[in-house]
Amino acid sequence: MPKSNNQKLKLLYLAKILQERTDDSHRLSLKEIQSALLTHDINAERKSLYDDIEMLRAFGLDIIGESLGKGYVYYIGSRQFELAELKLLVDAVQASKFITVKKSTGLIKKLGSLTSNHEATKLKRQVYVADRIKTMNESIYYNVDILHNAIGSNVRICFQYTRWTVGKVLELKKGGEIYEVSPWALSWDNENYYLVAYDSNDGIIKHYRVDKMMKLSLTEKSREGREFFEKFNMASYSRKMFGMYHGKDELVKIQFNNDLAGVVIDRFGKDVTLRPVDESHFVAVVKVAVSMQFIAWIIGLSAGAKIISPDHVAAKMRETIDILREIYE
């Protein structure tokens, strides 16, 4: 029987069949493998399949053969990603507001291709993308790529920045003014992607929502602000920012109820010092950017948290409470 042109692709198709159709719970006999190869117009003798399987093993595929009755069955053992790891990645994609519904669905489908067809159905069962709050800006993926290129090339970037209107329309901020900054890092915080950059006009570090950046491009100018970022710690920066809103950095002393110890550790990390005050309370001194989002976080803890010092931060809390009281009277 003449060989088809696909015969030269036998090893590739064999690897594909095993990767897609087998796992710890699903195995294929040599006869089933031969039938699968025939669908690709490839004839395979049993002896040649033994040699092919050994060749794929030598290449690095974890092909396991087990005795069953008078023959053997084969399946892929370990893979680059375990199913539990893929589920974790799927959850991350679903939870990411900066990834659109369309891109989320596409990414999850690609993640499913990293395991067998049988296990991929388990990933599909936990896909809940449709009703989640997602960005509508498809250009974010290209923006992220451009930003990585700018950081790697040590150049500044230009872009326009947008905001939502009451009419649910994105409008350009500052009348479409072109922003020029030096990009230094990307941060994923509060379910959004942010660029952390140095603004040479104001001489400070700023951050921008990547999905709100438009007409992003690289310049030929070298980045500035290296001295600010040589000792920059992204983890510390993220901890002190609430909702990634700017505010003056302050060391704030806060008293908490003991049952909020977990909340404080989740927010500020395990290295935060918790000093007992009495049987029911402890205090923590933390460095935060004092913004309305920080004040709102304290208010959200109700009677469980109280700002002790500095006095002007405590005064800001009292002022906020008075304003809220007036609104709701």
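Everything below is about the structure printed above this text.
Treat the numbers as computed from the prediction; the structure is a model and nothing was measured.

Trainee: So what exactly am I meant to see when it comes to the overall build of the chain here?
Mentor: Across its full length, the chain carries 12 helices and 13 strands. Residue burial in the chain is summarised as follows: out of 329 residues, 40% are buried. Partitioning the intrachain contacts of the chain with sequence separation of at least 6 by distance along the chain shows that 65% fall at a separation of at least 24. Element-wise, carbon and sulfur atoms account for 53% of the exposed surface of the chain, whose accessible area totals about 20000 Å².

Trainee: Please clarify how the packing of aromatic side chains should be interpreted in this entry.
Mentor: We describe a pair of aromatic rings using the distance from one ring centre to the other and the angle between the two ring planes. If you walk through the whole model with that rule in mind, you get 12 aromatic pairs. Relative to Y208, the ring of F159 lies with its centre 5.3 Å away and its plane at 75 degrees, an arrangement referred to as edge-to-face. Highlighted residues: F159 in strand β4 (residues 155-164) and Y208 in strand β8 (residues 204-209), separated in sequence by 49 residues. With respect to burial, F159 and Y208 carry one shared label: buried. Their ring planes at 85 degrees and their centres at 6.0 Å tell us that Y179 and Y208 sit as a pair that is edge-to-face. One end of the pair, Y179, is in strand β6 (residues 179-189); the other, Y208, is in strand β8, and 29 residues separate them in sequence.

Trainee: Help me out: how do you make sense of the side chain of N143 in this one?
Mentor: Mapped onto the secondary structure, N143 falls in helix α7 (residues 140-153). Those residues within four positions of N143 in sequence are excluded, and the remaining contacts are V210, M213 and L216.

Trainee: Can you help me understand the pairing of β8 in this one?
Mentor: Within a regular beta strand, the side chains point alternately toward one face of the sheet and then the other, so they alternate between its two faces. With five of six residues buried, β8 is to be regarded as a mostly interior element. As defined by bridge partners, strand β7 (residues 192-199) adjoins β8 across six bridges and the pair is classed as antiparallel. Among the inter-strand pairings, L195 is bridged to a residue of β8, identified as Y208. In this structure, the hairpin formed by β7 and β8 is closed by a connection of four residues, where G203 is found at a positive phi of approximately 70 degrees.

So, how was this worked out
Residues numbered from 1 in each chain as written. Predicted model: local features only at pLDDT ≥ 70, side-chain atom pairs only at ≥ 80, totals over all residues. Heavy atoms only, no water. Helix = DSSP H or I, 4+ residues; strand = E, 2+ residues; numbered from the N terminus. Buried < 20%, exposed > 50% of the residue type's maximum accessible area, 1.4 Å probe, protein only. Contact = heavy atoms within 4.5 Å. Areas by Shrake-Rupley, 256 points an atom, 1.4 Å probe, with all protein chains shown as cover. Phe/Tyr/Trp six-rings, centres within 6.5 Å; stacked < 30°, edge-to-face > 60°. Pairing = 2+ DSSP bridges.

Coordinates in, geometry out; function isn't part of it.
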